[in-house]
Amino acid sequence: MTDAANKNVDLDEVAKFEALASRWWDKNSEFKPLHEINPLRANYINERASLEGKKVIDIGCGGGILSESLAQFGAQVKGIDMGEAPLEVARLHLKESNLEVDYERITAEQIADRETAQYDVVTCLEMLEHVPDPASVINACMKLVKPGGHVFFSTINRNPKAYLFAIIGAEYILNMLPKGTHDYAKFIQPAELNNYARNAGLEVTHMTGLTYNPLTKIYKLNDKDVSVNYMMHTQRPETE
């Protein structure tokens, strides 16, 4: 691994998810929220990028929950992650799902050097808040996508409400996530993500929030509420 790529891997973060790998596809485990929001995210991506027949790369794919959903829409999917244990779980699950996804342990920066402008769609969900330099990953996403192609990000806003909901509520009160899953200092405000994307050369086309009602236990996409979890759709210009 190059020094630049190596610097943008937080080994503590990788270890955190490696320890949970065996439970990735258990819908009643710590990954239950991920399973519940996955259809909303996958549908959002498909509605905006029409995945049938498209070449897609899922950056920070973990155990493959999103990668498999994108493949179900008819995309040719590659999933990358730096955790070998989640990738092994992802590969094993393909035997149950009978889907085709190509998984590889590699950083976004490394594969961007190798497969420049090779993908119609790039997804990078719930990953930016787990790396030391999110701008480096976003630049790699821009490098990976073809001119006119789509890049999707999701992350967590940084404000008191997000701290209350994503850390205190989800990790300590509702026990929806393991304690220590998130570091508040690494959360990213929409304006910051917008700037990262624009500085990389991507055009921001849409943003939506992901809201959770703890009483009904229902998740919804809401364009008017990006105060906690949110997704951003960007595109690489056809001509630059």
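In this text the structure is predicted, and so the values were computed from the model without any measurement.

> Give a description of the sheet that holds strand β4 (residues 119-125) that names residues and reports values.
Taken together, the eight strands give an open sheet; going across it, the order is β3-β2-β1-β4-β5-β8-β6-β7, and neighbouring strands pair in mixed fashion. The open sheet is flanked by β3 (101-105) and β7 (218-222), the only strands paired with a single partner. Direction aside, neighbouring strands of the sheet carry axes that sit 20° apart on average. Examined bridge by bridge, strand β2 (residues 76-81) and β3 share five bridges and lie parallel to one another. By the bridge assignment for β3, glycine 79 is matched with tyrosine 103. With respect to the sheet, helix α3 (residues 32-49) is in contact with β4, β5 (145-156), β6 (203-213), β7 and β8 (229-235), its orientation differing from that of β6 by roughly 150°. Against the sheet, helix α4 (residues 65-72) touches β1 (55-59), β2, β3 and β4, its axis set at about 150° to β3.

> Help me get a handle on the nonpolar core, residues and values and all.
Judged by nonpolar contacts, the single largest core of 29 residues is most densely connected at Ile59, Val122, Val137 and Phe153. At the level of elements, β1, α6 (108-114), β4, α7 (134-144), β5, α9 (190-200) and β8 are the ones that each hand at least two residues to this core. Among the elements that take part in this core, α7 stands out by supplying six residues, more than any other. Every residue in contact with valine 137, bar those within four places of it in the chain, is listed here: Asn8, Ile59, Ala108, Glu109, Cys124, Met127, Leu128 and Val131.

> Residue-level account of the pairing of β8, with values.
Along β8, six of the seven residues are buried, which leaves the element largely enclosed by surrounding structure. Taken together, the seven bridges between β5 and β8 define a ladder with antiparallel strand orientation. Of the residues in β8, the one forming a bridge with phenylalanine 153 is methionine 232.

> I'd like to hear about unusual backbone geometry, residue by residue, with values.
Residues other than glycine seldom take positive phi values, yet asparagine 98 does so here, at roughly 60°. Mapped onto the elements of the fold, asparagine 98 is located in the loop between α5 (84-97) and β3. In this structure asparagine 98 comes out as exposed when scored by relative accessible area, which is 67%. The residue alanine 117 is not glycine, and still its phi comes out positive at about 55°. With respect to the element layout, alanine 117 can be found in the loop between α6 and β4.

> Can you break down the packing of α3 against α4 residue by residue, with the values?
For the pair α3 and α4, interaxial distance at closest approach is 10 Å and the crossing angle is 40°. Between α3 and α4, the angle is such that the two are oblique. The hand of the α3/α4 crossing is right-handed. Only Ile65, Leu66, Ser69 and Leu70 of α4 make contact with α3, whose side of the interface consists of Leu34, His35, Asn38, Ala42 and Ile45.

> Before we move on, can you summarise the pattern of salt bridges with the specific residues and values?
With the rule as written, the count across this model stands at eleven salt bridges. Residue lysine 78 is joined to aspartate 102 by a salt bridge in which the shortest nitrogen-to-oxygen separation is 2.8 Å. Taken together, the positions of lysine 78 in strand β2 and aspartate 102 in strand β3 put the pair 24 residues apart, joining distant regions of the chain. A relative accessible area of 7% means that lysine 78 is categorised as buried. Given the relative accessible area of 43%, aspartate 102 is considered partly exposed. Its salt-bridge partner being aspartate 113, residue lysine 143 comes within 2.5 Å of it at the nearest N-O pair. Taken as a pair, lysine 143 in helix α7 and aspartate 113 in helix α6 lie far apart in primary sequence, 30 residues in all. Relative accessible area serves as the criterion here: at 55%, aspartate 113 is assigned to the exposed category. By sharing partners, the salt bridges in this structure join Lys78, Asp102, Glu104, Arg114 and Glu115 into a single network.

> Just give me the short version of the side chain of serine 227, but keep the residues and values in it.
Tracing the chain through its elements places serine 227 in the loop between β7 and β8. Classification of serine 227 as buried rests on a relative accessible area of 17%. A polar atom in the side chain of serine 227 sits 2.5 Å from the side chain of aspartate 225. Those residues in contact with serine 227 that sit more than four places away from it in its chain are Asn157, Asn159, Lys161 and Ala162.

Cut-offs and rules
- Residues numbered from 1 in each chain as written.
- Predicted model: local features only at pLDDT ≥ 70, side-chain atom pairs only at ≥ 80, totals over all residues.
- Heavy atoms only, no water.
- Pairing = 2+ DSSP bridges.
- Helix = DSSP H or I, 4+ residues; strand = E, 2+ residues; numbered from the N terminus.
- Axes fitted to C-alpha atoms, helices over the stretch in contact; angles between N-to-C directions.
- Contact = heavy atoms within 4.5 Å.
- Core = buried A, V, L, I, M, F, W, Y, C linked by side-chain atoms within 4.5 Å.
- Buried < 20%, exposed > 50% of the residue type's maximum accessible area, 1.4 Å probe, protein only.
- Parallel < 35°, antiparallel > 145°, perpendicular 65-115°, else oblique.
- Left-handed = near helix turned anticlockwise from the far one by under 90°.
- Salt bridge = Lys/Arg side-chain N within 4 Å of Asp/Glu carboxyl O.
- Polar contact = N/O pair within 3.5 Å; in protein donor to acceptor, adjacent residues only side chain to side chain.

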